[in-house]
Amino acid sequence: MASRHDTGMATRRSVLGDAHVDRAEAAKSDFDLPFQTLITEGAWGTVWSDDTISRRERSMLTLALLAATGNFEEIPMHIRATANTGATADDVMQAFLHVAIYAGVPKANHAIKLAKQTFSEMEKST
């Protein structure tokens, strides 16, 4: 049986892509090792590796929560991950419409701006 860290790393690579994870791993230091272990095992090895809901649904939830809590710096990374999770641009818009109603129009507006930019960059690179 794989360890939670190994499971988390496999899921992280599957969702975010090898290039992103390789860059993050190369930048890891002794200082942030405890944090990197926490997110690899907790976020990726537990939450994202659970199959109760699909990765598409998890992607939509993550984007909505990031926008609702104002954690905008993570949104482009998770928009790029939609290429691997199956969440469509329409799915993302629905998530952000929920943010607008339940968490505030300014947060949704900024998240939509970031999503538009990131989707455009993704289209240009294919």
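First things first, this report covers the structure right here in the doc. Numbers given for residues are sequential positions, taken from 1 along each chain in its written order. This being a predicted model, a pLDDT of at least 70 is required before a residue's local features are given, and a value of 80 or more before pairs of side-chain atoms are given or counted; all residues contribute to the totals for chains, interfaces and linings. Remark: hydrogens and water are excluded; side-chain values derive from all non-hydrogen atoms of the structure.

Re the nonpolar core
The biggest cluster of nonpolar side chains holds 20 residues, and the ones touching the most others in it are I75, I79, V92 and F96. Mapped onto this core, the elements with two or more residues apiece are α4 (55–68), α5 (75–85), α6 (89–102) and α7 (105–124). Runs of H or I in DSSP of at least four residues are treated as helices and runs of E of at least two as strands, each being numbered from the N terminus. No other element matches the six residues that α7 contributes to this core. Put simply, buried Ala, Val, Leu, Ile, Met, Phe, Trp, Tyr and Cys residues joined by side-chain atoms within 4.5 Å make one nonpolar core. Type-normalised accessible area, obtained with a 1.4 Å probe on protein chains alone, sets the label of each residue: buried when under 20%, exposed when over 50%, and partly exposed for intermediate values. Membership of the second largest hydrophobic core comes to eight residues, among which are M9, W48, M77 and A81.

So, the packing of helix α1 (residues 4–16) against α5
Helix packing geometry: the angle between the two helix axes and the distance between the axes. Where α1 contacts α5, the axes come no closer than 7 Å and their chain directions differ by 95°. Comparing the axis directions of α1 and α5 gives the class roughly perpendicular. Together, S14, V15 and L16 of α1 and M77, A81, N84 and T85 of α5 make up the contact between the two elements. Charged means Asp, Glu, Lys or Arg here, nonpolar means Ala, Val, Leu, Ile, Met, Phe, Trp, Tyr, Cys or Pro, and polar covers whatever is left, Gly included. Residues belonging to the contact of α1 with α5 are distributed by class as follows: four nonpolar, three polar and no charged. With axes taken as lines fitted to C-alpha atoms, and helix axes fitted only over the stretch in contact, angles between N-to-C directions fall between 0 and 180 degrees. Each angle receives one of four descriptions, namely roughly parallel if under 35 degrees, roughly antiparallel if over 145, roughly perpendicular if within 65 to 115, and oblique otherwise. For this analysis, residues touch if any pair of their heavy atoms sits within 4.5 Å.

Topic: the packing of α5 against α7
Following both chains from N to C, one finds α5 and α7 inclined at 50°, their axes separated by 9 Å at the closest point. Overall, the two elements α5 and α7 adopt an arrangement that is oblique. The two elements α5 and α7 cross, and the hand of that crossing is right-handed. Along the contact surface, α5 presents I75, P76, I79, R80, T82 and A83, while α7 presents A111, L114, A115, T118, F119 and M122. Here the residues of the contact of α5 with α7 are counted per class, giving nine nonpolar, two polar and one charged. It is the rotation of the near helix from the far one that decides the hand of a crossing: anticlockwise by less than a right angle makes it left-handed, clockwise makes it right-handed.

Here we look at the pattern of salt bridges
Side-chain pairs of opposite charge can arise where the charged atoms are in close proximity. The rule for a salt bridge is simple: a side-chain nitrogen of Lys or Arg has to be within 4 Å of a carboxyl oxygen of Asp or Glu. Using the criterion set out here, one finds six salt bridges in the structure. Between K28 and E25 there is a salt bridge whose closest N-O contact spans 2.8 Å. Judged by relative accessible area, which is 29%, K28 ranks as partly exposed. Taking the relative accessible area as the measure of exposure, E25 reaches 24% and is therefore partly exposed. R56 serves as the salt-bridge partner of D91, at 2.9 Å between the closest nitrogen and oxygen. Separated by 35 residues along the polypeptide, D91 in helix α6 and R56 in helix α4 bring together distant segments of the chain. With relative accessibility at 11%, the residue D91 sits in the buried group. Given a relative accessible area of 33%, R56 falls into the partly exposed group. Taken together, the shared-partner salt bridges in this structure form one network comprising R12, E25 and K28.

So, helix α3 (residues 33–47)
Here α3 contains 15 residues, and its C-alpha end-to-end distance of 20 Å stays within 8% of the 21 Å for a straight helix at 1.5 Å per residue. Within α3, the full set of buried residues consists of Q36, T40, W44 and G45. Given the number of residues in a helix, its expected span is that number minus one, multiplied by 1.5 Å.

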